[in-house]
Amino acid sequence: MNFTIGQVTLAEALNNLNRNSNEKFEAYQNIQIEAINENTIRLMSDNGVNRLEYTLEAREVSGEPIMVNARRFTDIVNKLKDIITFHDNIILSGRTKIKLDYIKGTLINPIDTAEIENSKLNLSQFKNVVKNRLYAVEKNNEHSVISDMLVNGNDIVATNGNVLSLGTLKEPIYKSFLLSQSLAKEIIADFKDDETVNIAVENKKIIIWNNKLKIESNCKNGEYPKYKMLIPQVEDNLIKVNKNELINKLDIMSIVVEYTKPIIKLVFCKNELTVEHKEGKTVMNIENYPNEEPFEIYFNIH
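Quick notes on the rules
Residues numbered from 1 in each chain as written. Predicted model: local features only at pLDDT ≥ 70, side-chain atom pairs only at ≥ 80, totals over all residues. Heavy atoms only, no water. Pairing = 2+ DSSP bridges. Helix = DSSP H or I, 4+ residues; strand = E, 2+ residues; numbered from the N terminus. Axes fitted to C-alpha atoms, helices over the stretch in contact; angles between N-to-C directions. Contact = heavy atoms within 4.5 Å. Core = buried A, V, L, I, M, F, W, Y, C linked by side-chain atoms within 4.5 Å. Buried < 20%, exposed > 50% of the residue type's maximum accessible area, 1.4 Å probe, protein only. Salt bridge = Lys/Arg side-chain N within 4 Å of Asp/Glu carboxyl O. Left-handed = near helix turned anticlockwise from the far one by under 90°. Nonpolar A, V, L, I, M, F, W, Y, C, P; charged D, E, K, R; others polar.

**A word on the sheet that holds strand 6 (residues 66-69)**
- Taken in spatial order, the eight strands make up an open sheet running 6-2-3-4-15-14-13-10, and their pairing is antiparallel. Because the sheet does not close on itself, it has two edges, and the strands there are strand 6 and strand 10 (119-122). Adjacent strand axes in the sheet meet at a mean angle of 25° when their direction is disregarded.
- Examined bridge by bridge, strand 14 (residues 205-209) and strand 15 (residues 213-218) share five bridges and lie antiparallel to one another. Pairing of I206 across the sheet is with S217, part of strand 15.
- Of the strands in this sheet, strand 2 (30-37), strand 3 (40-46) and strand 4 (50-57) are in contact with helix 1 (residues 7-18), which crosses strand 4 at around 175°.
- The strands touched by helix 3 (residues 70-79) within the sheet are strand 2 and strand 6, with strand 6 carrying the most contacts at an inclination of about 80°.

**Some points on the nonpolar core**
- In terms of nonpolar packing, the biggest core is built from 59 residues, with F3, L10, I33, I41, L43, F73 and F126 touching the most fellow members.
- The biggest single contributor to this core is strand 11 (residues 148-159), with six residues.
- Aside from chain neighbours lying at most four places away, what touches I41 is M1, F3, I5, I33, E34, I36, Y54, T55, L56, A58 and V61.
- Among the nonpolar cores identified, the runner-up in size contains 10 residues, and I264, V275, M284 and Y289 belong to it.

**Section: unusual backbone geometry**
- The phi torsion at E60 lies on the positive side, around 55°, for a residue other than glycine.
- Inspection of the secondary structure puts E60 in strand 5 (residues 59-62).
- In this structure E60 comes out as exposed when scored by relative accessible area, which is 61%.
- Located in the positive-phi region is K270, a residue other than glycine, with phi close to 55°.

**So, the pairing of strand 2**
- Relative to strand 6, strand 2 runs antiparallel, the two sharing four bridges. Residue I33 lies in a different strand from strand 6, and its bridge partner there is I66.
- As defined by bridge partners, strand 2 adjoins strand 3 across five bridges and the pair is classed as antiparallel. Residue pairing in the sheet places Q32 in a bridge with M44 of strand 3.
- Hairpin connection, strand 2 to strand 3: the antiparallel pair is bridged by two residues.

**Some details on the pattern of salt bridges**
- Summed over the entire model, instances satisfying the criterion amount to six salt bridges.
- E34 is paired through a salt bridge with R42; the nearest N and O atoms lie 2.6 Å apart. Each of the two residues, E34 as well as R42, counts as buried.
- The partner of R51 in a salt bridge is E216, with the nearest N and O atoms 2.6 Å apart. You can see R51 sitting in strand 4 and its partner E216 sitting in strand 15, a full 165 residues away along the chain.
- By sharing partners, the salt bridges in this structure join E34, R42, E53 and K214 into a single network.

**Points about the packing of helix 1 against helix 3**
- Where helix 1 meets helix 3, the axes come as close as 9 Å, and the angle between the chain directions of the two elements is 145°. Remark: the crossing between helix 1 and helix 3 carries left-handed chirality. Across the interface between the two elements, Q7, L10, A11, L14, N15 and N18 of helix 1 pack against A70, R71, F73, T74, V77 and N78 of helix 3.
- Its residues assigned to classes, the contact of helix 1 with helix 3 comprises six nonpolar, five polar and one charged.

These figures come from the coordinates and say nothing about function on their own.
Structure representation (structure tokens):
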């Protein structure tokens with residue numbers, strides 16, 4: 001295998017593969033390198049759960065596919081500073097010359113996205129729904145966290161058995177599937193510079209890709225709660241609350257709660273909302289409360 005490539009370009013792709021131990025993903029052990037044409041190489045790796053494929057611009061590309069140890073190859077590339085030339089099993093960079101042994105193994109087939117039906121996933125919406133809303137379910141009970149999320153049209157649903165949370169995408173995904181938290185985090189990390197990516201479900205596989213990177217993951221099996229029966233689709237009574245004021249009141253109570261049990265109470269009564277804990281309370285104004293009798297909600301401050 002022969003090619004010449006910029007150190008920064010190659011290091012970025014390799015580090016994305018090898019950040020897994022920090023992000024609690026399954027580690028990628030080996031990387032396959034192959035020529036697409038004389039100006040393009042493809043890096044592929046499979047950890048048994050997810051398969052990643054990077055397409056990178058290079059020069060003077062030729063030769064048969066090879067397999068190398070992911071961690072060793074990444075460590076070498078990260079320590080180099082100049083343009084990297086890979087010739088047979090020798091890495092050349094500036095005045096540095098390093099031999100890298102190949103690994104024997106079954107070659108990985110490329111991910112084929114040529115003719116599959118797909119949807120567009122808006123990454124900023126996806127990140128907002130997943131990180132800012134659904135991960136709140138995870139924080140609610142540190143001993144009972146969510147493992148999978150249901151993607152169904154415009155909805156992304158998560159539950160830990162105690163709390164069910166619903167987030168909404170503006171653009172629908174055409175097929176329903178279960179999405180693991182690790183894959184959701186990988187999508188957010190790997191496509192951080194993209195506005196939209198393609199997403200498809202084909203042959204029990206979830207595939208997400210742009211023009212440089214493809215991720216393929218096994219579809220999760222299992223049944224999900226019938227969330228539309230649990231979360232009302234139409235609300236008869238809407239109470240208007242100043243969001244910033246409510247956040248401020250919750251922040252005040254969180255200081256008290258930090259040293260005691262995390263359960264607080266919201267009391268709706270006439271035109272007031274009381275945020276109450278056994279150690280104290282704070283009150284704010286609300287609009288359109290429809291009932292004569294007070295209404296109470298108990299919940300975990302987290």
